[in-house]
Amino acid sequence: MQLTIWTYEGPPHVGAMRVASSMTDLHYVLHAPQGDTYADLLFTMIERRKTRPPVTYTTFQARDLGADTAEIFKTACREAVERFKPQAVLVGASCTAELIQDDPGGLAKTLDLGIPVIPLELPSYQKKENWGAAETFYQLVRGFAGGRTAEPKAEGARKSCNILGPTSLGFRCRDDIVEVQKLLVELGVDVNVVAPLGASPADLTRLPNADFNILLYPEIADTAARWLEREFKQPCVRTVPIGIGATHKFIREVAALAGVDPEPVIGSEDDRFSWYSRSIDSNYLTGKRVFIYGDATHAVAAARVAEKELGFKVCGLGTYSREFARDVRAAAKEYGVEPLITDDHLEIEDAIIAAQPELVLGTQMERHVAKRLRIPCAVISAPIHVQDFPARYSPQMGFEGANVIFDSWVHPLTMGLEEHLLTMFRDDFEFNDDAKASHLATIGGGGSKSGKAVQNNGAPEKVIEEPANDMVDGSPSWATDAEKELKKIPFFVRGKARRNTEAFAAQNGLALITVETLYDAKAHFAR
Amino acid sequence: MSAPDIKSAACGSSVAAPIRERGQHEVFCGLTSIIWLHRKMQDAFFLIVGSRTCAHLMQSAAGVMIFAEPRFGTAIIEERDLAGMADMNDELDQVVERLLSRRPDIKMLVLVGSCPSEVIKLDLDRAAQRLNKVHAPDRRVLSYSGSGIETTFTQGEDNFLTALVRDMPEKSETAPASLLVVGSMADIAEDQFTRIFSSLGLENVAFLPARRSTELASIGPDTKYILTQPYLGATVTELERKGATRIEAPMPLGEEGTTLWLRAIADTFDVQQDKFDAITGPGRERAKKALTHYREQLEGRRVFLFPDSQLEPAIARFLHREMGAEIVEIGTPFLHRKITQPEFDLLPDSVAVSEGQDVDKQIERCRAENPDLIVCGMGLGNPFEAEGRSTKWSIELVFSPIHGYDQAGDLAELFARPLGRRAVLEVAV
Ligand code: SF4
Ligand code: SF4
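In this text, all values refer to a predicted model and were calculated from it rather than measured experimentally.

A few points about the overall build of chain B
Item 1. Counting its secondary structure elements, chain B contains 17 helices and 14 strands.
Item 2. Its C-alpha radius of gyration of 22 Å places chain B within 12% of the 22 Å reference for a compact globule of 429 residues.
Item 3. By principal-axis analysis of the C-alpha atoms, chain B measures approximately 65 × 60 × 40 Å.
Item 4. Burial statistics for chain B: of 429 residues in total, 62% are counted as buried.
Item 5. Considering only intrachain contacts with a sequence separation of at least 6, the fraction spanning at least 24 residues in chain B is 75%.
Item 6. For chain B, the centre of its 48 positive side-chain charges and the centre of its 63 negative side-chain charges are spaced 2 Å apart.

Some remarks on the overall build of chain A
Item 1. Check the secondary structure of chain A and you find 21 helices and 16 strands.
Item 2. Residues classed as buried in chain A amount to 60% of the 527 residues present.
Item 3. Considering only contacts within chain A whose residues lie at least 6 apart along the sequence, 71% involve residues at least 24 apart.
Item 4. In the form shown here, chain A has an accessible surface area of approximately 21,800 Å², with 51% of it arising from carbon and sulfur atoms.

Details of the packing of helix 12 (residues 312–323) of chain B against helix 17 (residues 408–424) of chain B
All names here are of chain B.
Item 1. Two elements in contact, helix 12 and helix 17, have axes separated by 11 Å at closest approach and are oriented at 95°. Relative to helix 17, helix 12 is oriented roughly perpendicular. Counted together, Ile315, Phe318, Leu319 and Met323 of helix 12 and Ala408, Leu411, Ala412 and Phe415 of helix 17 form the full contact between these two elements.
Item 2. Tallied by class, residues from the contact of helix 12 with helix 17 come to eight nonpolar, no polar and no charged.

What about the interface of chain A and chain B?
Item 1. Counting from both sides, the interface comprises 58 residues of chain A and, opposite them, 65 residues of chain B.
Item 2. On the surface where chain A and chain B come into contact, there are five salt bridges.
Item 3. A:Arg52 is the salt-bridge partner of B:Glu26, the closest N and O atoms lying 3.7 Å from each other.
Item 4. For the pair chain A and chain B, the number of links is 22 residue pairs in polar contact (both at pLDDT 80 or more).
Item 5. Put simply, the parts of the chain that give the side of chain A that touches chain B at least two residues each are strand 1 (2–4), helix 1 (12–22), helix 2 (40–46), strand 3 (55–57), helix 3 (69–84), helix 4 (95–100), helix 15 (345–355) and helix 16 (364–373) of chain A.
Item 6. Split by residue class, the side of chain A that touches chain B holds 24 nonpolar, 19 polar and 15 charged.
Item 7. In this structure, strand 1 of chain A lies alongside strand 3 (residues 72–76) of chain B, joined through three bridges in antiparallel fashion. For A:Thr4, the partnering residue across the bridge sits in strand 3 of chain B and is B:Thr74.

Structural notes on the sheet that holds strand 6 (residues 178–182) of chain B
Sheet strands associate in pairs through backbone hydrogen bonding, adopting either a parallel or an antiparallel arrangement.
Residues and elements named next belong to chain B.
Item 1. Strand order in the open sheet formed by four strands is 7-6-8-9, and the pairing between neighbours is parallel. A strand with exactly one partner marks an edge of an open sheet, and here the two such strands are strand 7 (205–208) and strand 9 (245–246).
Item 2. The pairing of strand 6 with strand 8 (residues 223–227) spans five bridges and is classified as parallel. When the bridges of strand 8 are listed, Leu180 appears paired with Tyr225.

Quick word on the site of ligand 1
Item 1. Around ligand 1 sit 13 residues, and of these A:Gly35, A:Asp36, B:Cys29, B:Cys54 and B:Cys115 come closest.
Item 2. With respect to ligand 1, the chains having nearby residues are chains A and B.
Item 3. Mapped by element, the contributors of at least two residues to the shell around ligand 1 are helix 2 (52–62) and helix 5 (115–119) of chain B.
Item 4. By residue class, the composition of the shell around ligand 1 is seven nonpolar, five polar and one charged.

A short note on the packing of aromatic side chains
Item 1. On inspection of all chains with the given rule, the structure shows 17 aromatic pairs over all chains.
Item 2. Seen in terms of ring centroids, A:Tyr293 and A:Tyr320 are 6.1 Å apart; in terms of plane orientation they differ by 50°. Their pairing is tilted. Pair noted here: A:Tyr293 is in strand 10 (residues 289–294) and A:Tyr320 is in the loop between strand 11 (313–319) and helix 14 (325–335), with a separation of 27 residues, a long-range link.
Item 3. Following the ring pairs from residue to residue traces out a cluster consisting of B:Phe28, B:Trp36, B:Phe153 and B:Phe399.
Item 4. Lying across the ring of A:Trp478, A:Arg498 places its NZ or CZ 5.4 Å from the centre.

Regarding helix 10 (residues 244–258) of chain A
Residues lying three or four places apart along an α-helix face the same way, a consequence of the helix completing one turn every 3.6 residues.
Item 1. For helix 10 of chain A, which comprises 15 residues, the first-to-last C-alpha distance of 21 Å matches the rise-based estimate of 21 Å (1.5 Å per residue) to within 8%.
Item 2. Taken together, the buried positions of helix 10 of chain A are occupied by A:Ile244, A:Ala246, A:Thr247, A:Phe250, A:Ile251, A:Val254, A:Ala255 and A:Ala258.

A few points about a nonpolar patch on the surface
Item 1. Together, B:Val424, B:Leu425 and B:Val427 make up a nonpolar patch on the protein surface, roughly 300 Å² of accessible area in all.
Item 2. Tracing the backbone through its elements, the reader meets B:Val427 in the segment after helix 17.

Re the domain arrangement of chain B
Item 1. Domain boundaries in chain B define domain 1 (13–25 + 286–428), domain 2 (30–151) and domain 3 (178–274).
Item 2. Relative to domain 2 of chain B, the C-alpha centre of domain 1 of chain B lies at a distance of 33 Å.

Overview of the confidence of the model for chain B
Item 1. Predicted confidence across chain B gives a mean pLDDT of 92, with 95% of residues reaching 70 or more.
Item 2. Predicted confidence for residues 1–13 of chain B stays below pLDDT 50, and this span has 33 contacts to residues more than four positions away or in other chains.

Details of the sheet that holds strand 10 (residues 302–305) of chain B
All names here are of chain B.
Item 1. Ordered in space as 1-12-11-10-13-14, the six strands form an open sheet in which the pairing is parallel. Only two strands of the sheet have a single neighbouring strand rather than two, namely strand 1 (19–22) and strand 14 (391–393). The average angle at which neighbouring strand axes cross in this sheet is 15°, direction not considered.
Item 2. Note: strand 10 against strand 11 (residues 326–332), four bridges, orientation parallel. When the bridges of strand 11 are listed, Val303 appears paired with Ile327.

Examining the pairing of strand 13 (residues 373–376) of chain B
All names here are of chain B.
Item 1. Burial along strand 13 is two-sided: the face carrying Leu373 and Val375 and the face carrying Ile374 and Cys376 are both buried.
Item 2. Pairing analysis gives three bridges linking strand 10 to strand 13, with the strands arranged parallel. In the sheet register, Val303 faces strand 13, and the bridge partner there is Leu373.
Item 3. On the question of chirality, the crossover connecting strand 13 to the parallel strand 14 by way of helix 15 (residues 378–386) is right-handed.

With respect to unusual backbone geometry
Item 1. Here A:Ala382 and A:Pro383 are connected by a cis peptide whose omega angle stands at 0°.
Item 2. Topologically, A:Pro383 is positioned in the loop between strand 14 (377–379) and helix 17 (398–410).
Item 3. Residue B:Pro137 follows B:Ala136 across a cis peptide bond; omega there is 0°.
Item 4. Mapped onto the elements of the fold, B:Pro137 is located in the loop between helix 6 (124–135) and strand 5 (140–145).
Item 5. One non-glycine residue, B:Asp270, lies in positive phi territory at about 55°.
Item 6. Structurally, B:Asp270 can be placed in the loop between helix 10 (254–268) and helix 11 (273–298).

Looking at the pattern of salt bridges
Item 1. Summed over the entire model, instances satisfying the criterion amount to 54 salt bridges over all chains.
Item 2. Of the charged contacts, one joins B:Asp167 and B:Arg140 as a salt bridge, the two residues approaching to 2.2 Å between their closest N and O atoms. Here B:Asp167 is found in helix 7 (residues 155–167), whereas its partner B:Arg140 is found in strand 5, with 27 residues between them in sequence.
Item 3. Through salt bridges with shared partners, one network takes in A:Arg52, A:Arg83, B:Glu26, B:Asp360 and B:Glu364.

What to know about the nonpolar core
Item 1. Counting residues in hydrophobic clusters, the biggest one holds 234 residues, and the most contacted among them are A:Ile292, A:Leu317 and A:Trp409.
Item 2. Per element, the largest residue contribution to this core is eight residues, and it comes from helix 13 (residues 296–309) of chain A.
Item 3. Ignoring sequence-local partners within four residues, the contact set of A:Trp409 consists of A:Ala302, A:Val305, A:Ala306, A:Leu310, A:Phe312, A:Leu359, A:Leu361, A:Ala378 and A:Ile380.
Item 4. By size, the runner-up hydrophobic cluster in this structure holds 23 residues, among which are B:Val49, B:Ile77, B:Leu99 and B:Val141.

Some details on the pairing of strand 11 of chain B
All names here are of chain B.
Item 1. Strand 11 sits mainly inside the fold: six of its seven residues count as buried.
Item 2. This β-α-β element, strand 10 to helix 12 to strand 11, shows right-handed connectivity.
Item 3. Bridging between strand 11 and strand 12 (residues 352–357) involves four bridges; their strand directions are parallel. Looking at strand 12, one finds that Gly331 is bridged to Ser354.
Item 4. Once you follow strand 11 into helix 13 (residues 337–344) and on to strand 12, the crossover reads as right-handed.

Analysis parameters
Residues numbered from 1 in each chain as written. Chains lettered and ligands numbered in written order. Predicted model: local features only at pLDDT ≥ 70, side-chain atom pairs only at ≥ 80, totals over all residues. Heavy atoms only, no water. Helix = DSSP H or I, 4+ residues; strand = E, 2+ residues; numbered from the N terminus. Rg over C-alpha atoms; globule rule 2.2 N^0.38 Å. Buried < 20%, exposed > 50% of the residue type's maximum accessible area, 1.4 Å probe, protein only. Contact = heavy atoms within 4.5 Å. Lys, Arg positive; Asp, Glu negative; His and termini not counted. Charge placed at Lys NZ, Arg CZ, Asp CG, Glu CD. Areas by Shrake-Rupley, 256 points an atom, 1.4 Å probe, with all protein chains shown as cover. Axes fitted to C-alpha atoms, helices over the stretch in contact; angles between N-to-C directions. Parallel < 35°, antiparallel > 145°, perpendicular 65-115°, else oblique. Nonpolar A, V, L, I, M, F, W, Y, C, P; charged D, E, K, R; others polar. Salt bridge = Lys/Arg side-chain N within 4 Å of Asp/Glu carboxyl O. Polar contact = N/O pair within 3.5 Å; in protein donor to acceptor, adjacent residues only side chain to side chain. Pairing = 2+ DSSP bridges. Near = heavy atom within 4 Å. Phe/Tyr/Trp six-rings, centres within 6.5 Å; stacked < 30°, edge-to-face > 60°. Lys NZ or Arg CZ within 6 Å of the ring centre and 35° of its normal. Expected span 1.5 Å × (residues − 1). Patch = residues over 30% accessible without salt bridge, like charges linked within 9 Å, V, L, I, M, F, W, Y side chains within 5 Å. Domains from an automatic or database assignment. pLDDT = per-residue confidence, 0-100. Right-handed = clockwise from strand over helix to strand, strands pointing away. Core = buried A, V, L, I, M, F, W, Y, C linked by side-chain atoms within 4.5 Å.

Structure below.
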């Protein structure tokens, strides 16, 4: 038994729902109690989907237990197929139905539905949402592509590929596939099938016709891609084109498989990211400490972009995707941080506080933590909330994706010159303790133009600049003037300054921290 | 001015035979009540013993995650518990131990049963007894079921209050007659009623749930109770078993509902009519004035209510009587006749009522009726809007202050807003 308050992933049947909702002409009959219908609102509210997800729930009740839950399942299944007329039906159980062992797959087979039935076995007490999505997609691919052969192609015909992995409720999937398809058009590669998003079961039967696969979201489609590789000898492009370097690598891999020239596409005019990052005003980004947490794919990609393309310093890297923990461990090693493989949000919050980052890149959960701690943040991974489905085009992949990343990670930060001003004129009333960078004015108190005392309303309970509280006895204490000097350091680096100074004092056996100690420590830790 | 006389009202009858439906229900389970209960009772922690699905439901339905550590959580049953590799009771005790040591502010721990815990017959009543031996009296442990196989949405609160009533101390023989107001309300509405009660001269008034677990009222034959929420059938049974007597009235929603509700209380405690009129007069006037702002937008509008919180009959009565709306169908997950009768007494005989649900059929009926406003849950709202229809999320009815005179206008506004918005927007779907 595990105590959980917020979770990063739902149960595996929610993963199956995400695949079902991504596709067309497919229906999912889920043996589940009425409360499980909450999952509909993930799609209709968070993603603003315009139709109900294609899911029928049996909504059995206590009084049905031991009597006719199997019959209820059969009725629901039969009626759903009559009403929605899908090409195929997925059947399965939620956590409660798993315990009553009605065997939805077996029951559906007895119904003679006249369409393919794909039974799902998703162990609710062991596995989670992404695993459920991956397993569902794999079962569908196997079920529909299995036993087929590729249609013969004319000699010298253009090469084609499948794009695998985008789903409902995935982070920016809607726009990523547009961006990736743009690259493929420029390269002269045809797209055979995109799945699961937008595909029908009939489309899945055509998967073998592609020359190779592109795996955009390993958490969802790795299992299926591996099977296709084995079954149809379709090679797989595994580089996820997030960031400039990865986009270049992706283009080269695709070009190699398709036998085309990558260079014209690599030199794309669309890449503004590279110049923006090289331009002098970005100098102040150098060494900014960034904490990264998300699904494995997005977290690893973010770490690479942060360090190698923006010049940040990764100060924390973690994931909830245990299935892909190896990739995150390898990346963490490369950037010299401890990998954080956990889905305990309290542990992650503690890690953020300890790492003292200047920017947090995470899921909606880390956004809330960062908001409370008053650290700038951007969302890079599911789980996400309604505002992470922006109305405007905002991919993460390809050149435009990199441009979007530049904007959304850099804008929350204190701007370069603004940072200098804050340091130089730290006694200015606008730069006092409660003043924020102008664009963060909504959080806590804001600089008051009228010169009135700044009121810090709605201050969060936990503020990162107060780690002094957990100082143990015997650690150095602060002289009053040193404490005053510390207050003059802008809030977003003050916590670090306090920590460094205390560590420096402890190392040197100083009991009292004076103004001198503060500046000695500054020199000691200068980067 | 006097309270409207029910019998002279234009309409009024018993519930017309409802459509009974047995198909897919599209409602939350009782766990969802915790979202407001944990805010209402400030020293209680609700520990769901369930699955990852239960935890995911709570965070999806709560929607906002601004509380770093809310006063609810889920002890997720895992494979090793089911396989018998771990003793579930030991595991639960450990979870509770860790939780209580981290949260010294918790004075009442509530174990909430879920579908999985019930299907595997994990006895949470026994667990609560066992834990009480360790933690009472400093911290009390209660249990109830919020499972989806036993309860819909607001029935979770019903079961919680039932558990609280079971725990209420017995009133001494000599204690004076008292009033118990039963059902979660916004604190602001509760405070307003408190002021009215004291002006009316009622001294012994308590609310259930109380804001703190330590403030549980005592109960006995001289306790008169009145409901503020219609979904409290099990609580009613338990209160009556303990000897309390019910004051019958419609729910205190809208000007008329609030007046009838207060009048029923005043009559029970022998408050003179002129005093009643003097005390309630200003509130009634304010409510009426607020309601006139919205009446124009709602008058003659056809409203279809999907089943959600069991508040549907009371809401329909308000919309019909005070806003002049026409009610197309009142869907309700469960029709508690005894409690809802005062609402139906004020509604036309012809109003269609459905109990239970077959959501696909109900959607078809709704489309065929083409109402002006659909009151429904979050899973259905956007799909209806995408068809060009106007909807109101029913969940707001349990999440916002709607009771009493000074919230009557707010209640009307909830329904007027989508219509007003529709009229303003020049963009189409
Ligand atoms: S319906 Fe049952 S399993 Fe589902 S969330 Fe509610 S209590 Fe948990
Ligand atoms: S702040 Fe954002 S993530 Fe948090 S609840 Fe609101 S919309 Fe969701």
